[in-house]
2 protein chains.
Amino acid sequence: MQPENSELYRFLAQNGVGHGSSYGFSSSSYDFQIMQSFSNSCISETTPQDRALAALKNHKEAERRRRERINSHLNRLRSLLPCNSKTDKASLLAKVVQRLRELKQQAVEVTEVENLPSETDEIRVLSCDYSSDGTSIFKASLCCEDRSDLFPELIQVLNSLHLKTLRAEMATFGGRIRNVLVVAADKDHGIESVHLLQNALKSLLERSDSIDRPKRRRAYDHNVMVP
Amino acid sequence: MQPENSELYRFLAQNGVGHGSSYGFSSSSYDFQIMQSFSNSCISETTPQDRALAALKNHKEAERRRRERINSHLNRLRSLLPCNSKTDKASLLAKVVQRLRELKQQAVEVTEVENLPSETDEIRVLSCDYSSDGTSIFKASLCCEDRSDLFPELIQVLNSLHLKTLRAEMATFGGRIRNVLVVAADKDHGIESVHLLQNALKSLLERSDSIDRPKRRRAYDHNVMVP
DNA sequence: CTTAACACGTGAAGC
DNA sequence: TGCTTCACGTGTTAA
């Protein structure tokens, strides 16, 4: 049963224009029928009640349009997030809040990664984006002594982890080298890919240390960033 | 007047428990009063009407909690976006949709910008992020013949536009150079800063062309990306 | 039978 | 005044 409980509607019901038992009526034609009956039962053409009833109808339809507008935006949000169509409004909005916070943090971190080689060895792996199709994008930055065989080994490491290289940067300065890699992980990778990549790069640098390099201060374990 | 229009409430009103004219009552104490009066007017302790009335009260409070949950998330979204607290729900959600689409597009574009110099001259300026405090971040990429005085001139251009350089990359290959710059604009800059930067870089490259370089195919106007 | 989620109509308040 | 937005209570439906 539709609410239809305003004073005006109750007055009409008392004057013979009852709901009856026809539940299948469309809302607009039903309202039209009400207004017609009301006009016929009065003498003057546009009574205050007439205008109030019209206003009530306008109000009702405006409110319906407002609801449709809000819900259409909510559905658009649903399509923009990795979630099915049956997540309820509150959970959907919670996911939107979380996603916006992630992206805002990423925007800061992406610009924070230094491009010049630093004095200390370091490895940074930060998760950069979770697309709605499940693939995730990492940005890895590593800094160490310059050596010619590093880049091929890096490629080998990425291939062994089934990571696709989207972009690679390299910068050398004062005998040091920094590599910045943007890699994409398949959807079957989880958040643990970050740590896998982190450990692979760490062993790569340790290997080069033990072979032909003097020991150097490292900062591996202080630069893991997993947002 | 609060709705309170269910069949149960109307039944109660007919049996002497009217609303009266006390509009300032709190909802919960009012409901409690109703239930007490109803129990007193009946003989048995827990009638079906009793349970129905309790269910109605539970339903009402559950609905209120649901509204609070949704609205709290909407307020969180309000604080995450550059908008005041008086934007209505529909407009707020529209902004959220727009912002999420921007960020999703950015994630693609950031990884799309090539790092190696290309054969054709080109300038790309893409708006990268709008923080909630009003500052915006641009990513500018320019590719041309390698020349030593380009970088100081670039810095000068950025200073003249009151843009703060967050990060700069440079790569040379085969006599060509590519510079990628991440710059931040103050909050008094608008979206037009993108075009200002675009034009400044364009004139910078044209100047170098006219001085000491042969004409070369350009692609300035095909690589402006303003999302 | 409860519980949760939704759409609806309605009164109130701001402009 | 009318128009818009909001919160509320309610009926309904699905798990």
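Labelled according to an unreviewed UniProt entry, chain A appears under the name BHLH106 protein, originating from Hibiscus syriacus. Per UniProt, chain A has the following entry under Subcellular location (unreviewed entry): "Nucleus".

S.K.: Where do I start with the overall build of chain A in this structure?
M.R.: Within chain A, the secondary structure is distributed over 6 helices and 4 strands. Reading the helices (α) and strands (β) of chain A from amino to carboxyl end gives α-α-α-α-β-β-α-β-β-α. When burial is assessed residue by residue, chain A has 41% of its 227 residues classed as buried. Across chain A, contacts joining residues at least 24 apart in sequence account for 60% of those joining residues at least 6 apart.

S.K.: Please explain the nonpolar core as it appears in this structure.
M.R.: Across soluble globular proteins, you tend to see nonpolar side chains buried next to one another. Counting residues in hydrophobic clusters, the biggest one holds 26 residues, and the most contacted among them are Leu 77, Val 96 and Leu 100 of chain A together with Leu 77, Val 96 and Leu 100 of chain B. Of all elements in the fold, only helix H3 (48-80) and helix H4 (89-112) of chain A together with helix H3 (48-80) and helix H4 (89-112) of chain B reach the threshold of two or more residues within this core. Discounting residues that sit within four places of it in the chain, Leu 100 of chain B has contacts with Leu 77, Leu 80, Leu 81, Val 96, Arg 99, Leu 100 and Leu 103 of chain A.

S.K.: Explain H3 of chain A here, please?
M.R.: Because each turn of an α-helix spans 3.6 residues, side chains separated by three or four positions end up pointing in the same direction. Over its 33 residues, H3 of chain A runs 48 Å from end to end, which matches the ideal 48 Å to within 8%, given 1.5 Å per residue. The set of residues buried in H3 of chain A consists of Asp 50, Leu 53, Ile 70, His 73, Leu 74, Leu 77, Arg 78 and Leu 80 of chain A.

S.K.: Help me out: how do you make sense of the confidence of the model for chain A in this one?
M.R.: Note that predicted coordinates carrying low pLDDT should not be read in detail. Residues and elements named next belong to chain A. Overall, the prediction assigns chain A a mean pLDDT of 70, with 55% of residues at 70 or greater. Mean pLDDT in chain A bottoms out at helix H2 (residues 27-40), which sits at 47, and peaks at H3, which reaches 92. In the model, residues 16-40 has pLDDT below 50 throughout and makes 27 contacts with residues more than four positions away in sequence or in other chains. The low-confidence segment residues 219-227, where pLDDT is below 50, has 28 contacts with residues more than four positions distant or belonging to other chains.

S.K.: Quick question: what am I supposed to make of the state of the cysteines here?
M.R.: Linking two cysteines covalently via their sulfur atoms produces the bond known as a disulfide. Residue and element names in this part refer to chain A. On inspection of all chains with the given rule, the structure shows 0 disulfides over all chains. Cys 144 supplies the cysteine sulfur nearest to Cys 143, a cysteine that is in no disulfide, at a spacing of 6.7 Å. On the basis of relative accessibility, which here comes to 0%, the residue Cys 143 falls in the buried class.

S.K.: Can you walk me through unusual backbone geometry in this structure?
M.R.: Outside of glycine, negative phi angles account for most residues, and trans bonds account for most peptide bonds. Despite not being glycine, His 162 of chain A shows a phi value in the positive range, around 60°. On the secondary structure map, His 162 of chain A appears in the loop between helix H5 (150-160) and strand E3 (163-173).

S.K.: Explanation requested: the pattern of salt bridges in the structure shown.
M.R.: Opposite charge on two side chains permits pairing when their charged atoms draw close. Residue and element names in this part refer to chain A. Here the structure, examined in full by the defined rule, presents 7 salt bridges over all chains. Residues Glu 68 and Arg 64 are paired through a salt bridge, measuring 3.2 Å at the closest nitrogen-oxygen approach. Of this pair, Glu 68 and Arg 64 both sit in helix H3, separated by 4 residues, roughly a single helical turn. Classification of Glu 68 as partly exposed rests on a relative accessible area of 46%.

S.K.: Explain the side chain of Glu 122 of chain A here, please?
M.R.: Along the chain, the position of Glu 122 of chain A falls in strand E1 (residues 122-130). Here the side chain of Glu 122 of chain A touches Arg 124 of chain A through a polar contact of 3.5 Å, side chain to side chain.

S.K.: I would appreciate a short explanation of the pairing of strand E4 (residues 176-185) of chain A in the present structure.
M.R.: Each regular strand shows side chains that alternate between the opposite faces of the sheet. Residues and elements named next belong to chain A. Among the 10 residues of E4, 10 are classified as buried, and the element is accordingly described as predominantly covered. Of the two faces of E4, the one lined by Arg 176, Arg 178, Val 180, Val 182 and Ala 184 and the one lined by Ile 177, Asn 179, Leu 181, Val 183 and Ala 185 are each fully buried. Inspection of the sheet shows strand E2 (residues 136-145) paired to E4 by 10 bridges, in the antiparallel sense. Directly across from Ser 136, in E4, lies its bridge partner Ala 185.

S.K.: Teacher, can you tell me more about the environment of Cys 144 of chain B here?
M.R.: All names here are of chain B. As for its position among the elements, Cys 144 is in strand E2 (residues 136-145). Residue class for Cys 144 comes out buried when judged on its relative accessible area of 3%. Remark: the alpha-carbon pair of Cys 144 and Asn 179, spanning 35 residues in sequence, is separated by 9.0 Å. Setting aside anything within four residues of it in sequence, one finds Cys 144 in contact with Asp 121, Leu 150, Arg 176, Ile 177 and Leu 205.

Thresholds applied
Residues numbered from 1 in each chain as written. Chains lettered and ligands numbered in written order. Predicted model: local features only at pLDDT ≥ 70, side-chain atom pairs only at ≥ 80, totals over all residues. Heavy atoms only, no water. UniProt positions renumbered as here; feature names shortened; annotations may be inferred. Helix = DSSP H or I, 4+ residues; strand = E, 2+ residues; numbered from the N terminus. Buried < 20%, exposed > 50% of the residue type's maximum accessible area, 1.4 Å probe, protein only. Contact = heavy atoms within 4.5 Å. Core = buried A, V, L, I, M, F, W, Y, C linked by side-chain atoms within 4.5 Å. Expected span 1.5 Å × (residues − 1). pLDDT = per-residue confidence, 0-100. Disulfide = S-S within 2.5 Å. Salt bridge = Lys/Arg side-chain N within 4 Å of Asp/Glu carboxyl O. Polar contact = N/O pair within 3.5 Å; in protein donor to acceptor, adjacent residues only side chain to side chain. Pairing = 2+ DSSP bridges.

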